[in-house]
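Structural overview for review
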Amino acid sequence: MSSSTDSPTLTTETTQLSPQPDTETAKPTKKITLKSSDNQIFEVEESVAMEFATVKSFFEDSPSTDTVPLPNVTAKPLSQVIEFCKEQIKFKANPDEAQKKKYNAEFVTEKSDKDLVDMIPVANYLEIKDLLDVLNQAVADRIENKSVEYVRSFFGIDNDFTAEEEAALRREHAWAYEGVDED
Amino acid sequence: MNTGSLNAADRISQLPDDIIHLILSFLSTPEVVRLSVLSKEWHQVYATFPLSEFYSPSFADYFDGGFRFVIFVYKSLLRQCRQYRNVPKFQFSFTKELCRPYVYSEHLPLPWDLDRLITGCIELGTHKGVKELSIYFSIPGYYKLPEAMLSVKELVVCSLGGCIFNGAAINWPSLRELSLNNVQISDQRFIDNLSLTCPLIEKFALVECSGLKYLQLSGLRKLFFFFGTRLYGLKKGKGCTKACCSGYNGPGPNRKVAFYFERKSKTLRTLAHSAWAKATRNNKEALELGLTKKENKKGLRRPNGAPPAWAQRS
């Protein structure tokens, strides 16, 4: 059943040299277009896009499309995520754990707090596990030993506790507030 | 997918709980507790976070820190046991500053009510399929471990310190790594039965332990790393050496074997020698030994560097 359904007349594109769509030569050049929620267009190589589990499954469901809309993702974090995945693919082809570690560390240290926090929902939505691990670790490092107020502004969280409620919660675990860094 | 307004500054709180749990898992327990007051949303996230590391020094500033600490541990564990089917990781460390107001002499045991609460914590923390366990006491005397935790079929990595346990009651069929530091083993059968009670053990460290008359690593087919130092009470003499090494055949072929022993102890060095002889019969790979230069010339290789960190942990 399965073997007879593919190939012949489907190829409308004229430039294909080989009859089979997924030969070794065709792969690296194929581009996929990603559209961010603020309508910016990103052209990335297929191999990069396949790092995004969400995009990958989108293609498996509807292979004929060439533009993937990403309604939850804005342009800036998306461009940074693409940058990260491009590098990871190089490491995949050419495994070097030490270099990879170094790159991952540099990738997060040069980002601002806001950039880091903005990338987490993107990495989660696109299901890029490696990046999510790197980001979570980096964020944890930056809020380590910081005061509650600092972490609130770090994540941009609105405090919806009343002053009394918060004081009561702090009293309950007063021991945990010893030895916190000044901001 | 929730469309989420783009302008909302706080996108982090909209993430699924398990992503925030991942961030929390990189933080120490007091930090996780502090973050519970960020907002109602985060308090909810905290209320389902499986805390697993409990270290008492955070409570050292309180005159009743010991009780506060143990009650905090007990409550957290009770909550987790209600929320989760498994509690896979449990780390518990209790230090002597916390018994100050109750122990007027250094040599008195823990007050009985505190002792009972700690036993309760350990039982709670180990009865739901714990895989990674670490229990350390730094108190006057040894803490007697409850027998219930000596038989956990899921346990994989176990590290104990400052306690005493009934060696005959051990049953850890999945155990791969065991590290005992300053532990009193109250029954020689612990070593005798190791191949039956912990047949899968791969790494084994004994540091400053007492209560063993001899070491017999027989029948441990998976064991490829052993570290032993300052083992009090080992009997000296010829008979002992024989008993020590009987039956150790080394792990499967082509696995490197490493044995580190205290340099000065003649008994242990002899043990290392015979263990080496037996292990090399099955293994062409050299066995690494902590031996002197002279012995090294005889063809035994010395370990390159100190034993790995896991064997040194205190």
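Source: prediction; values computed, not measured.

**Quick notes on the overall build of chain B**
Check the secondary structure of chain B and you find eleven helices and twelve strands. Looking at the 314 residues of chain B, the share that counts as buried comes to 51%. Summarising the internal contacts of chain B: among those between residues at least 6 apart in sequence, 58% fall at separations of at least 24. For chain B, the exposed surface amounts to about 14900 Å²; the carbon and sulfur share of it is 53%.

**Notes on the side chain of E31(B)**
Take E31(B): it is sitting in helix 2 (residues 29–34). Beyond its immediate sequence surroundings of up to four residues, E31(B) is in contact with I143(A), E144(A) and N145(A).

**Topic: helix 3 (residues 40–47) of chain B**
Among the residues making up helix 3 of chain B, those that are buried are W42(B), V45(B) and Y46(B). Buried residues of helix 3 of chain B, viewed axially, fall in a sector of 100°; they line one side. Looking at the buried residues of helix 3 of chain B, the elements they touch are helix 8 (148–155) of chain A together with helix 1 (17–24), helix 2 and helix 4 (65–83) of chain B.

**So, helix 3 (residues 53–61) of chain A**
Each turn of an α-helix holds 3.6 residues, which means side chains three or four residues apart point in the same direction. All names here are of chain A. All buried positions along helix 3 are accounted for by T54, V55 and F59. Across the axial projection of helix 3, the buried residues extend over an arc of 135°, all falling on one side. Projecting away from the buried face of helix 3 at angles above 90 degrees are the exposed residues E60 and D61. In this fold, the buried residues of helix 3 make contact with strand 1 (31–35), helix 2 (46–49), strand 3 (67–69) and helix 6 (113–125).

**Observations regarding the UniProt feature "domain: SKP1 component dimerisation" (unreviewed entry) in chain A**
Mapped onto this numbering, the UniProt entry annotates "domain: SKP1 component dimerisation" (unreviewed entry) at residues 129–176 of chain A. With 69% helix and 0% strand, residues 129–176 of chain A has its two end C-alpha atoms placed 31 Å apart.

**So, the interface of chain B and chain A**
Each side of the interface is counted separately: chain B has 35 residues, and chain A has 39 residues. Both faces combined, the contact of chain B with chain A buries some 3300 Å², and carbon together with sulfur accounts for 67% of it. Ranking the residues of chain B by area buried against chain A places R34(B), V37(B) and L38(B) at the top, with a combined share of 21%. Of all the secondary structure elements, the ones that give two or more residues to the side of chain B that touches chain A are helix 1, helix 2 and helix 3 of chain B. Among the elements that line the side of chain B that touches chain A, the one with the most residues is helix 2 of chain B, at five residues. Residues of the side of chain B that touches chain A, tallied by class, amount to 21 nonpolar, eight polar and six charged.

**Side note on the pairing of strand 2 (residues 41–45) of chain A**
Residue and element names in this part refer to chain A. Burial along strand 2 is one-sided: the residues F42 and V44 are buried and none of I41, E43 and E45 is. Note: strand 1 against strand 2, five bridges, orientation antiparallel. Bridge pairing in strand 2 places L34 opposite F42. Taking the residues between adjacent antiparallel strands as the criterion, strand 1 and strand 2 are bridged by five residues, where N39 takes a positive phi near 65°.

**A word on the packing of helix 7 (residues 129–143) of chain A against helix 8 of chain A**
Geometrically, a packed helix pair is captured by the angle between its two axes and the distance between the axes. Residues and elements named next belong to chain A. The contact between helix 7 and helix 8 brings their axes to 10 Å, and the two run at 140°. Contacts between helix 7 and helix 8 pair V139, R142 and I143 from the former with Y150, V151, F154 and F155 from the latter. When its residues are assigned to classes, the contact of helix 7 with helix 8 shows six nonpolar, no polar and one charged.

**Details of the confidence of the model for chain B**
All names here are of chain B. Confidence in the prediction of chain B, expressed as mean pLDDT, is 75, and 68% of residues score 70 or more. When pLDDT is averaged over each element of chain B, strand 5 (residues 157–161) comes out on top at 94 and helix 8 (residues 238–245) at the bottom at 39. A low-confidence stretch, residues 237–247 (pLDDT under 50), is modelled with 24 contacts involving residues beyond four sequence positions or located in other chains. Every residue in residues 282–314 is under pLDDT 50, and counting partners more than four places away or in other chains gives 81 contacts. Among the prediction metrics, the complex's ipTM stands at 0.77, with pTM recorded as 0.76.

**Considering the domain arrangement of chain B**
You'll often see interface size given as the accessible area lost when the parts meet. All names here are of chain B. With domains assigned, chain B is organised as domain 1 (15–49) and domain 2 (51–265). Contacts between the two partners involve nine residues from domain 1, matched on the other side by seven residues from domain 2. Taking both sides of the interface into account, the surface hidden between domain 1 and domain 2 amounts to around 680 Å²; carbon and sulfur atoms contribute 49%. Of all residues in domain 1, the largest losses of buried area upon contact with domain 2 belong to T29, T48 and F49, amounting jointly to 58% of the total for that side. Remark: the boundary between domain 1 and domain 2 carries zero salt bridges.

**What to know about the sheet that holds strand 6 (residues 163–165) of chain B**
Residues and elements named next belong to chain B. If you trace the three strands from one edge of the open sheet to the other, you get 4-6-8, paired in parallel fashion. The sheet is open, and its two borders are formed by strand 4 (143–144) and strand 8 (184–185), each paired with just one other strand. One ladder, built from two bridges, connects strand 4 with strand 6; its direction is parallel. By the bridge assignment for strand 6, Y143 is matched with C163.

**Some details on the domain arrangement of chain A**
All names here are of chain A. Considered domain by domain, chain A is made up of domain 1 (29–143) and domain 2 (148–177). Spacing between the C-alpha centres of domain 1 and domain 2 amounts to 33 Å. Taken residue by residue, the interface counts five residues in domain 1 and four residues in domain 2. A combined buried area of about 490 Å² lies between domain 1 and domain 2, and 81% of that area is made up of carbon and sulfur atoms. Area buried by domain 1 at its contact with domain 2 is led by D113, V117 and I143, which between them contribute 74% of it. The interface formed by domain 1 and domain 2 includes zero salt bridges. Scanning the region where domain 1 abuts domain 2 turns up zero residue pairs in polar contact (both at pLDDT 80 or more). Elements with a contribution of two residues or more to the side of domain 1 that touches domain 2: helix 6 and helix 7.

About the cut-offs
Residues numbered from 1 in each chain as written. Chains lettered and ligands numbered in written order. Predicted model: local features only at pLDDT ≥ 70, side-chain atom pairs only at ≥ 80, totals over all residues. Heavy atoms only, no water. Helix = DSSP H or I, 4+ residues; strand = E, 2+ residues; numbered from the N terminus. Buried < 20%, exposed > 50% of the residue type's maximum accessible area, 1.4 Å probe, protein only. Contact = heavy atoms within 4.5 Å. Areas by Shrake-Rupley, 256 points an atom, 1.4 Å probe, with all protein chains shown as cover. Arc of directions from axis to C-beta. UniProt positions renumbered as here; feature names shortened; annotations may be inferred. Buried area = accessible area lost by both parts, 1.4 Å probe. Nonpolar A, V, L, I, M, F, W, Y, C, P; charged D, E, K, R; others polar. Pairing = 2+ DSSP bridges. Axes fitted to C-alpha atoms, helices over the stretch in contact; angles between N-to-C directions. pLDDT = per-residue confidence, 0-100. Domains from an automatic or database assignment. Salt bridge = Lys/Arg side-chain N within 4 Å of Asp/Glu carboxyl O. Polar contact = N/O pair within 3.5 Å; in protein donor to acceptor, adjacent residues only side chain to side chain.

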